[in-house]
Each structure stands twice: as structure tokens, then as C-alpha cells.
Amino acid sequence: MILDKFSLNGKVALVTGSNTGLGQGICRAYAEAGAMVIGVSRRPSTETKEMLGESFHNVLADLSSLEVIPEIIKEALDKFGRIDILVNNAGIIKRQDSLEFSEENWDSVLNVNLKTVFFLTQAVARQFVKQGTGGKVINIASMLSFQGGIRVPSYTASKSAVKGITMTLANEWAKYNINVNGIAPGYMATNNTEQLRQDGERSSDILSRIPAGRWGTPEDLEGAAVFLASSASDYVNGFTVAVDGGWLAR
Ligand code: NAP
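What comes next is a walk through the structure.

The rules behind the values
- Residues numbered from 1 in each chain as written.
- Predicted model: local features only at pLDDT ≥ 70, side-chain atom pairs only at ≥ 80, totals over all residues.
- Heavy atoms only, no water.
- Near = heavy atom within 4 Å.
- Polar contact = N/O pair within 3.5 Å; in protein donor to acceptor, adjacent residues only side chain to side chain.
- Areas by Shrake-Rupley, 256 points an atom, 1.4 Å probe, with all protein chains shown as cover.
- Nonpolar A, V, L, I, M, F, W, Y, C, P; charged D, E, K, R; others polar.
- Helix = DSSP H or I, 4+ residues; strand = E, 2+ residues; numbered from the N terminus.
- Expected span 1.5 Å × (residues − 1).
- Buried < 20%, exposed > 50% of the residue type's maximum accessible area, 1.4 Å probe, protein only.
- Pairing = 2+ DSSP bridges.
- Phe/Tyr/Trp six-rings, centres within 6.5 Å; stacked < 30°, edge-to-face > 60°.
- Lys NZ or Arg CZ within 6 Å of the ring centre and 35° of its normal.
- Salt bridge = Lys/Arg side-chain N within 4 Å of Asp/Glu carboxyl O.

**Considerations on the site of the ligand**
Stage number 1. In the vicinity of the ligand, 29 residues are found, and the nearest of them are N19, R42, R43, Y155 and T190.
Stage number 2. The separation between an oxygen atom of the ligand and a polar main-chain atom of G91 is 3.3 Å.
Stage number 3. Notes on the ligand: free accessible area 880 Å², of which the protein chains cover 94%.
Stage number 4. Among the residues forming the shell around the ligand, the class breakdown is 12 nonpolar, 13 polar and 4 charged.

**What about helix α1 (residues 21-32)?**
Stage number 1. The terminal C-alpha atoms of α1, which comprises 12 residues, lie 17 Å apart, in line with the 16 Å expected from a rise of 1.5 Å per residue.
Stage number 2. For α1, the tally of buried residues reaches 11 of 12 residues, placing the bulk of the element in the interior.
Stage number 3. Residues of α1 that are buried: G21, L22, G23, Q24, G25, I26, C27, R28, A29, Y30 and A31.
Stage number 4. After α1 finishes, the residue G34 shows a positive phi value of roughly 110°.

**A closer look at the pairing of strand β6 (residues 178-185)**
Side-chain direction in a regular strand flips from residue to residue, so the side chains alternate between the two faces of the sheet.
Stage number 1. Taking burial as the measure, the 8 residues of β6 include 8 buried ones, the bulk of the element.
Stage number 2. The two faces of β6 match: I178, V180, G182 and A184 on one face and N179, N181, I183 and P185 on the other face are all buried.
Stage number 3. Where strand β5 (residues 135-140) lies against β6, 6 bridges are found, and the strand directions are parallel. Each bridged residue has a counterpart across the sheet, and for I138 the counterpart in β6 is N181.

**What to know about the packing of aromatic side chains**
Stage number 1. Counted by the stated rule, this structure contains 4 aromatic pairs.
Stage number 2. An angle of 35° between the planes, with centres 6.1 Å apart, marks the rings of F6 and F227 as tilted. Linking F6 in the segment before β1 (12-16) with F227 in helix α8 (residues 218-229), this pair joins segments that are 221 residues apart in sequence.
Stage number 3. For F6, a relative accessible area of 28% gives the class partly exposed.
Stage number 4. One aromatic cluster is present, formed by Y187, W215 and W247 through successive ring pairs.
Stage number 5. Its guanidinium or amino end placed over the ring of W215, R197 lies 5.9 Å from that ring's centre, counting from NZ or CZ.
Stage number 6. Positioned over the ring face of W247 is R209, at 4.0 Å from the centre of the ring.

**Some thoughts on the pattern of salt bridges**
Stage number 1. Taken as a whole, this structure holds 7 salt bridges when the rule is applied.
Stage number 2. Across the pair R214 and D220 runs a salt bridge whose closest N-O atoms are separated by 2.9 Å.
Stage number 3. Its relative accessible area of 43% is what places R214 among the partly exposed residues.
Stage number 4. One network of salt bridges, with partners in common, ties together R28, E219 and E222.

**Things to note about unusual backbone geometry**
Stage number 1. Positive phi outside glycine occurs at R151, with the angle close to 65°.
Stage number 2. Tracing the backbone through its elements, the reader meets R151 in the loop between β5 and α5 (153-173).
Stage number 3. Accessibility expressed as a relative area gives 38% for R151, which makes it partly exposed.
Stage number 4. Of note in this structure, N177 is not a glycine but carries a positive phi near 60°.
Stage number 5. Tracing the backbone through its elements, the reader meets N177 in the loop between α5 and β6.

As C-alpha cells, then:
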């Protein structure tokens with residue numbers, strides 16, 4: 001049955017940024033699809049735990065440095081014994097004119113959005129290879145993996161690079177039955193876009209350009225997230241899918 005291919009029964013998913021926004025929505029979708037979920041977050045994922053109960057375990061870690069990676073892997077394996085799916089969702093954005101843009105705003109964004117993404121993915125992929133049963137990596141990219149944006153140079157650099165390494169890693173690891181793909185959300189109503197949504201002019205500019213006529217929600221991402229984590233996507237490698245209400249089609 002085709003719908004069985006979308007099931008995540010018996011799978012273990014590791015999702016970063018599980019306390020809020022898109023990451024919380026992905027945790028919920030994976031649990032509903034049958035997976036056990038390890039959510040990594042800097043602040044406790046209390047609400048996510050309340051929603052998902054025994055199928056969810058929270059690992060607290062600050063992803064701005066690489067030191068936390070071995071402990072994340074260890075805690076995931078201690079709790080559920082394996083890892084089958086990794087979603088690199090945690091991310092930050094800093095807005096400042098490029099003429100003034102600070103080194104701090106450059107480094108903080110590149111560290112969380114790119115450096116940790118690469119090295120956490122490397123650590124999880126080593127575990128996939130050890131398990132010998134393949135794996136799924138889903139990187140949360142952005143419209144700014146395709147476009148330039150305004151006043152967000154470090155974010156655009158990080159998300160363009162995320163799309164790039166999604167292809168590199170897909171090329172290298174397909175032979176281990178590891179699929180690496182991305183999801184590029186459009187403009188979604190989360191903390192990430194709060195500043196934008198409060199700026200009346202920018203907000204109405206953005207809204208008027210979205211063919212679907214509304215901001216996206218975490219629920220809008222769930223179908224693509226489950227598809228790319230499931231065996232329904234076994235022959236999809238290195239592609240970044242836009243879930244954007246038509247933004248890129250304009
Ligand atoms: P969000 O609500 O701000 O969530 C970001 C998540 O990342 C939070 O869980 C946050 O934890 C976590 N995080 C940030 N820095 C971290 C760190 N150093 N260590 C551990 N966790 C950290 O925004 P969102 O919209 O759901 O964003 C999720 C992903 O989607 C991000 O990669 C973002 O760039 C991407 N995205 C969002 C949009 C959009 O329109 N919303 C569009 C395109 C792409 P805290 O709550 O503790 O900070």
C-alpha cells in the first residue's frame with residue numbers, strides 16, 4: 001500500500017530546535033507518523049513533551065558550539081538505541097544593514113546554521129553507516145537559499161550553503177542508502193519572522209507577493225517533512241523542496 005511507505009513506525013528521529021515553531025511541528029508530525037523523537041533544544045521543550053508524551057525525549061544543548069555533539073548522539077542512543085532520521089532545523093537570523101554588519105552577527109549565524117549543521121550531520125551519518133540500514137537527513141533551508149534577501153547577509157550565506165552541502169552529502173552518501181534533502185520554507189508565522197511581521201510595510205509587501213495569500217504555518221511543512229523522512233522518498237537525493245505558497249514561482 002502506498003500510504004504504508006509514508007509510515008515512520010519503528011523509526012527514531014532526531015530534530016533540532018524542538019521547543020517551538022517549525023521544529024515543534026515536525027516533531028509532532030513524526031510522532032503522529034509513528035516515530036520516536038529526540039528533540040534537541042536550548043530551552044526546555046516542555047510544550048512539545050506535553051503534546052507527545054512517551055514518544056518524545058528532550059536533550060538540552062546549545063548548538064552554537066560543536067562540543068555538545070557527542071553527548072547528543074550518546075543520549076539519543078541511550079534512550080532509543082538507534083537513529084534513522086536527522087532534521088537540522090535549529091537556526092537563527094540577524095538583521096542589520098550590510099554596511100554596518102558586525103562580525104558577531106556573522107559568526108553567530110554561521111556557527112548555528114552551518115557549522116553545527118555539518119558536524120552534527122557528519123556524526124549522525126557515521127551512526128547511520130554503523131547501523132548499516134541507511135538514513136534520512138532533512139536540512140531546513142530557506143527562500144534565501146535561492147534569493148538574496150535584504151539586511152541578512154550571514155543568514156543568506158548560511159542558507160545558500162546549507163542547500164549546497166545538501167547536494168554534496170547526498171552525492172557522497174547515496175551509496176550508504178542515506179538520503180540528504182532540504183526543505184525551503186517560505187514566509188512562515190514563527191518567532192523567526194516576528195520582527196518582519198511587526199514591520200507593517202515589509203509585512204504587507206511580503207504578503208502581497210505570496211500567491212497563496214497568507215503566511216505559512218508549521219503544519220504546512222509537515223507533509224514534506226514526513227515524505228522526506230520516509231521510504232516514499234528513497235530515490236530523492238540532494239533536492240531542496242520549497243514549501244512556500246508559491247513565492248519562488250513568482
Ligand atoms: P524559531 O521559532 O525562531 O525556531 C528556531 C529554533 O532554533 C528554536 O527552537 C531555537 O531555540 C533553536 N535554536 C536557535 N539557536 C539555537 C542554539 N544555539 N542551540 C539550540 N537551538 C537553537 O523559528 P522557525 O521559523 O521555527 O525556524 C526553524 C528553522 O526554519 C530555522 O532554521 C529557520 O532559519 C528556518 N526558516 C524559517 C522560516 C520562517 O519563515 N519562519 C523561513 C525559512 C526558513 P530557542 O527557542 O531556544 O531560541
